[in-house]
Every structure is written in C-alpha cells, then in structure tokens.
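Residue-level structure breakdown
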Amino acid sequence: MPRIIAYWLLPLLLALPAVAEPIGVALIGDGPQPQEDVASKNLRQEIDALLADEFEVEYLVWEGDWTADGINRALEEAYADPRVDAVVVTGVLANQILGKRERFTKPTLLPIVFDASLLGLPRQGVGSGKANLAYLTGTTDFSVDLESFRRVTDFDTLGVLVDAVVLGAVADVAEQATRIAKGAGVEIVLLPFSDPEGDLVGMIPPQVDAVMIGGADRLSDAALERLVEGLIERGLPSFSFDGDDMVERGMLVADTRRSNWQRIGRKTALQLQGALLGEDVSRLPVDFLEKRRLFLNMATARALGIWPTYSVLIEAELVNAEPPTDGAPWTLAEVAREAVRNNLAYLAQSYDTSAQEENITQARANWRPQVSSSLQGNQLRSGSSAVESGAVAERSLTAALSLQQLLWSESARAGVEIQQLAFDGARDDLEAFRLDTIQQATLAFLNVQLAETQWQVQRNNLEVTRANLDLARDRVRIGASNPSDVYRWESELAGARQTAIDAVTDRDRAYESLNGVLNRPLTERRPITPSTLDDPELLDPENEIGELIDNPGSFQAFAEQLVQDGLERAPEIRALESSLAVLERQLTSERRSYYSPEVSLQGQASDVVSESRSGPPGLEGEEDWSVAVSATLPLYTGGARKSRQLQRRLEIEAVEHRLASLREQIELGIRSNLHLANASYNNIPLAEQAAEASRRNLELVTASYREGATGILDLLDAQNASLRAELGAASTVYEFLIDLMNVQRAVGQFDFFLDPEERRQTLEDIKRSLTQGEESP
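Report follows, based on the coordinates. What you are looking at is a predicted structure, and each value in this text was computed from that prediction instead of being measured.

1. Topic: the overall build of the protein chain
Secondary structure summary: the protein chain contains 24 helices and 16 strands in total. Expected size for 777 residues packed as a compact globule is a radius of gyration near 28 Å; at 44 Å, the protein chain overshoots this value by more than 25%. Here the C-alpha coordinates of the protein chain stretch approximately 155 × 85 × 50 Å along the principal axes. Counting every position in the protein chain, which comprises 777 residues, the buried fraction comes to 45%. Look at the contacts in the protein chain between residues 6 or more apart in sequence, and 77% of them connect residues 24 or more apart. With an accessible surface of roughly 39,300 Å², the protein chain has 53% of that area assigned to carbon and sulfur atoms. If you average the places of the 73 positive and of the 120 negative side-chain charges in the protein chain, the two averages end up 3 Å apart.

Here it is, written out as structure tokens:
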C-alpha cells in the first residue's frame, strides 16, 4: 500500500516548485556616505534579477570607516560570519584596497577595480588566478578622459580634486595620469581633500584653469551644490569621473554613464552565480569593457561662456540643451495669431492700406468749398507819370478773400467713386497678405517641428551606428569577425555625424525663419507644443470629414464644396474685381466728358488796407466783391479722350481675362492641395506600420549579426531601411498639417480665427453638403 501511495504522490511532488536555497551575500561598503550608493543599488538589482529563480538571497551589509584598516576589518567580520556564503565589495575605495590582500577565505568579488595592472592585482589567463578572488577591471585610460574634456574646452593647468582617502589607494593611477597629461602639454595639480564639507573651491590655486573631480561619494548634496556654484563663479570648467549624474547636478563634462553600473552589476551577478554553482572563482573573466559617452551640461557651459563645436554637440548627450525662455510654449494657433499681430511686412502693408483710405477724403474735398485769402502790396516808381498824376497809388496794400465751390464735375464725381473702389481693392489685397502671412508663419512653425523631429531621428541613427561599431569591435575582439567590419562602421559613423550636423543646421535655420516671420529675436528658442491631428482649434479634430471622404465619390463632393467656398472667399478675386470696377468707372467718366461740363462758382471780397496817392483822394478803406459762375466743356483735346477710352477698354479686357485665369488658378490650387493633403493623411498609418516593421527587422538582424549568423551588409541594409522608415513616420503628421495649411490658404479661411460656434457651424455645413453629394445620382 505505501508503494502505491508513493506512486500516486510522486507526480504531485515533482510538480511542486523547487524551494529556493537561502544564500548569504555580504556587501562591503567604504563607509557612511550622504549620497545614494548607486553601485550597491545596481548590484542588488542585477543579482536579484538573475538569481531569484535559483536562490533566496539575504544581504548582509558591512561598512568600513573610509580607511584601509576599517575596510579590511569589515571584510574579516564578513568572513567570520557563518551566514555569509560570498562577498561582493560595493565601495569604490574598498575595491582598490582589498584587491591587494594576500588571502581570501570566501568567494570574493571586486567589481570596480580601476586598473588591475597598475594596482598590482593578480592575473592568470582570463581570471585572477588567486583562490576565491574574482574582479572586474577596465584599463583606466586617463588620456581618453583628458581628450573628452579638451574637446569641450582647452586648458593648460588642470586641477584634480579628489578625496584624499581615494587618492591614497590609487597613487599609481594618479602618477600615470600625471605622466599622460604632461605628454599632452597639460600640467596637473593634485588637490586631495580630507574634509568633504570644507571649502573645496578655496583649495584651487589661481593658476588652475580647469578642474577634474573624483571620489565625491562623501560629499553631501549641500557640499556638492556649493562646489558646483563655486566653480562656475570662478569660471572653471569641470569634469566628473563619477559619471553623467554629476553632469545633471551641474558639472560641465563627464564621459561615463550610469548604465555602466548596470552592466557591472549584471557581470557581477553572473560571477556570483558561477561561484554559487561551484565554478572556480579564480578562473572567472575579469576584463570589463567600459562604454563611454560624452555628457555635457549646456546651462553650465552658457554660464561659463563655453561654446562647444557642432561635432561635440551632436555626439554628446546634452543636459539643459536650450536656455530657459519666458512665455508659454508656442502652439500652431498662437503662432498664426502672433504673425498677424507682429509680422513687420504685414504691419507695413496695413499702414499702406490705411494711408490709401485718405485718397477718398482728398477726392471728396474737391466737392467742398475752397477758401483762400491773399494780401497784396504794390510799390511803383515815384517819378512815373501815372503816380504823379494821381491815377495810380505809389504804394498800396490790398486784402482779399476768395471762395470757389464746385457745382458739378463728372471727373470729380468719378474720382470719389474710383478712390473708394481702389480702397476696397486695397483692403482685399491686405486680406490676401494677411492669409499669406498666416500661411508663412504656420508653415515655418511646422517646419521647425519637422526639422526637430528629423534631427532626433538622425541622432538616434547616430546612436545605433555607434552601437553597431561597438558590436563590430566586440566581434573582432572575440575573433568572430575581421577588422573590415570595424572600418566600415567607422565610415558609417562619420557619414552619420555629417548627416546629423546637416540636421542641426536645418533645425536652426527653421527656428530663425519662424522668429523672422513673428518678428522675434532670431536666436530665441521659445518652447513649442507639438502639433497633432486632434488639435481642438482645427476644424475637424475628430476626423469626421475624413470618414466621409474615404472614397473618390465623396472626396470629389468635398472638393467641389471647397472650390465653391474658396471662390466666394478669395480676396484676390475681390481685389481684381475692384480693379475692374475702377477701369469701368474711368471709361464711363471718359464717355461723359463729351457732354458733361464742369460747373463752378467763384466769389471774391477785397479791401484796400492802405495806399499812398498824390492828387485826388485815394481808395484806402474801400471794399469790393464779385461773384461768377462758370461752365467749362472741352470740345477738342487732340484725340486724347478717344485714346483714353480705347486704352480703358483694352485694360478691361485684360483684367477680365486675368480674373478668369485667377479663378481657374484658385480652383486648381484648392484641388491640388486637397489631393496632397488626402495622400499625406492616408500615409500616416502606413508610415507608422513601415517604421514599426523596420524597427523589428533591425532588431532581428542586429541579434543575428551579434551571433555571427548575419553579415555586415545585411545589418547596414536593415539600418538604412529603418532610418528611411523612421524619417517617413516622423514626418508624415507634419507633412499632412503643412498640406492642410496650404488647403486652408487656398480656400481663404484658417480655422484658428473662427470662434467655436463658427467652427461647429462650418463643419456641419461641410458634412451636410457631403451627405447631399452622396445622395445625388
């Protein structure tokens, strides 16, 4: 019976999950520190992720006191604790100190060794060759750090500000760095500090013109903030050995990233797994290839007056890339309104139009009384016979007041009407100019977003190319490929950098064009709210029209409606019609000139103010007046009137043909832009599908290349196809919105300037016309 029971229970027992074996892992830190222990955090995360299914890990933490004795004492205590199965050293200082020990009694992992050869750590084959010791080390190449720093800003005397306890543990590394710097023409001044809360900036001598900072784990947030602010006040560019998180906190430059901690944690977790599964720890690989990337804080650069080259800017990851600006972010609608308010060309046109209105007032003035005054003084020769006889005064002064009133004039009447028609045409020209300005501004705004998006795509492609170059180098290192792959990717990387620089240039030009249209400082970089298809200030954010024009029949009906609306609204047509009306009125006036005289009334009153006369009494004080009505009718002008009539008829014919041509052009423009908008709208989902498929294909081909199953040409093809697809997907929305702006300009109405009720009513009218068009045979 027991055998039968066991037979039935055995499958159940096998189905039960395995109970994880408890493992004690000691973590040895440098000592208390005010900042987050990034190394310990990443190590724990990676160990948990890798070992969770095999072991139940219990972490036991020991801290040194930032001294070699304290750190060694912490390690001995961990060795003596029976709960500890393996030791992982998380402190940067502890890694350098403990690597020099002669004896390790339990599996011990040192994942952050700066330079094993300089520090004297053992090495045999790919491993340490020492019992119970495994470590990870990369060759500390100070020359790379120095070159990265000098790519951003040049200097002659470099201060190296470093925790004294760390410097004591890596004295050989410091000596090597000094030799490397001297070979590059840079003098190094070592600045070890013992008090992390002290005046670190005050330690820097005046001859130092740049500073490298390392071993900052003991600095509190307040001390680090004082250090950053003090360096900026002194005008000293800074480089952090501790990675990009220090750049985010205000340091100028770093060339290592936090993701290295994740990679270190992952490799350490693999070493720990090997040790726990019984592998010989001394044979575990110790080499670690550190991934480098330039990081740059542009706010700090601006504060220091440093302007890196374009090649640096496109390769570096930028913190605070754009300076802060006042004002809310631009939107498509706000840009349209701002252009109408501030565009200089439009404002000039507005003043010209207002000035032209005064022509009407001046023409009407011909019908109002014209009053003038005069004062005339005469002096004659005293010896003349007329003066001596008393017939004429020797001296006289006469004042007169004249009045002239036009009673009838065909040309004056026509002048008023013509000026009114001309002003109507000028207002329509101004409206057309306003629409052109809005179109120019919105297209410039969308081109900024398009250029920014394409720059981001090219930047991402640069990252992919750099990653593939690293992958090719790894393949060459392990013997899976030959150096030709590396050379090809280096060539691709150079090309990607050139393309990225072109993209940056296009972006900057687009910003400056937008600022020029809006009459803003050309170098301003005001934030932008990305335009989307569901913008509430567009006529159809819910795509109701799109659903109605998804076939050629309804699309044609929609086009007919827009053509009708565009011809009715077009200010260019109204302006040309005003020009035609002016010519017709001029022709009418020319015809009437044959029989319509000009009739006017003239009057004058005069007074002899004073005179000197010999002989009879003079006329001094005598008043006089006169009134006259005159009518003038030209009888013959040498054929000028007939010629002017013929000229007006020919001009009328020309304008009528020009008007017909304009209507045709407007209709063609509406239909053409509508076709483009329809195509770009339907391309949006297709481009997104193509980009997604290309991304997946690139991932698969990259994985195959990594495993050696695919050659470099296949990977290049996949990357180029992905780049083209990404550019297409990133551009389609903006290309559609650009086409939409062109449609709205052709129709003569931009949605932004309709209030919500007008927008709703317009949409309903369009939908109703489309529905009626579908129902008609």
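Let us keep going from here.
2. A closer look at the packing of helix H6 (residues 142–152) against helix H8 (residues 171–183)
Relative orientation of the contacting elements H6 and H8 amounts to 50°, with a least axis distance of 9 Å. In terms of axis orientation, H6 runs oblique to H8. Read as a crossing pair, H6 and H8 show a hand that is right-handed. Seen from H6, the contacting residues are Phe142, Ser143 and Leu146; seen from H8, they are Ala177, Ile180 and Ala181. Broken down by class, the residue content of the contact of H6 with H8 amounts to five nonpolar, one polar and no charged.

3. Considering unusual backbone geometry
With a phi close to 65°, Trp66 is a non-glycine residue in the positive phi region. By the element assignment, Trp66 lies in the loop between strand E2 (55–63) and helix H3 (68–80). Judged by relative accessible area, Trp66 falls into the buried class, the value being 7%. Even without being a glycine, Asn519 presents a positive backbone phi close to 60°. Tracing the sequence through the fold places Asn519 in the loop between helix H18 (483–518) and helix H19 (544–548). Judged by relative accessible area, Asn519 falls into the partly exposed class, the value being 38%.

4. Focus: the packing of aromatic side chains
Evaluation of the coordinates by the stated rule reveals seven aromatic pairs. Where Phe142 meets Phe241, the ring centres are 6.4 Å apart and the plane angle is 35°; that geometry is what we call tilted. Taken as a pair, Phe142 in helix H6 and Phe241 in the loop between strand E9 (238–240) and helix H10 (244–248) lie far apart in primary sequence, 99 residues in all. The exposure class assigned to Phe142 is buried, which follows from its relative accessible area of 6%. Residue Phe241 is classed as partly exposed on the basis of its relative accessible area, which comes to 31%. On the basis of an interplanar angle of 55° and a centroid distance of 5.1 Å, the ring pair of Tyr681 and Phe736 is categorised as tilted. Note that Tyr681 is positioned in helix H22 (residues 640–707) and Phe736 in helix H23 (residues 712–747), a separation of 55 residues in sequence.

Reading the values: the criteria
- Residue positions are counted from 1 within each chain, in the order its sequence is given.
- A pLDDT threshold of at least 70 governs which residues receive local features in this predicted model, and a stricter bar of 80 or more applies before side-chain atom pairs are shown or counted, although totals over entire chains, interfaces and linings include all residues.
- In computing side-chain values, all of the structure's heavy atoms are included and hydrogens and water are not.
- Secondary structure elements are taken from DSSP: a helix is a run of H or I of four residues or more, a strand is a run of E of two residues or more, and numbering for both begins at the N terminus.
- What the globule rule says is 2.2 Å times the number of residues to the power 0.38, and the radius of gyration is computed from C-alpha atoms.
- For every residue, the accessible area obtained with a 1.4 Å probe (protein chains only) is divided by the maximum for its type, and the residue is called buried under 20%, exposed over 50%, and partly exposed between those limits.
- What makes two residues a contact is simply this: any of their non-hydrogen atoms within 4.5 Å.
- Using the Shrake-Rupley algorithm and a 1.4 Å probe, accessible areas are obtained, with residue cover drawn only from the displayed protein chains.
- Asp and Glu are treated as the negative residues and Lys and Arg as the positive ones, with His and the ends of the chain left uncounted.
- Just so you know, the charge point we use is NZ for Lys, CZ for Arg, CG for Asp and CD for Glu.
- Helix axes are fitted only over the stretch in contact, all axes being lines through C-alpha atoms; the angle between N-to-C directions runs from 0 to 180 degrees.
- For classification purposes, an angle smaller than 35 degrees is called roughly parallel, one larger than 145 roughly antiparallel, one from 65 to 115 roughly perpendicular, and anything else oblique.
- Two helices crossing with the near one rotated counterclockwise from the far one by less than a right angle form a left-handed crossing, whereas a clockwise rotation gives a right-handed crossing.
- Under the grouping applied here, Gly and all other residues not named as nonpolar or charged are polar, the nonpolar ones being Ala, Val, Leu, Ile, Met, Phe, Trp, Tyr, Cys and Pro and the charged ones Asp, Glu, Lys and Arg.
- By convention, a stacked pair of Phe, Tyr or Trp rings (six-membered ring in the case of Trp) has centres within 6.5 Å and planes under 30 degrees apart, an edge-to-face pair has planes over 60 apart, and any other such pair is tilted.

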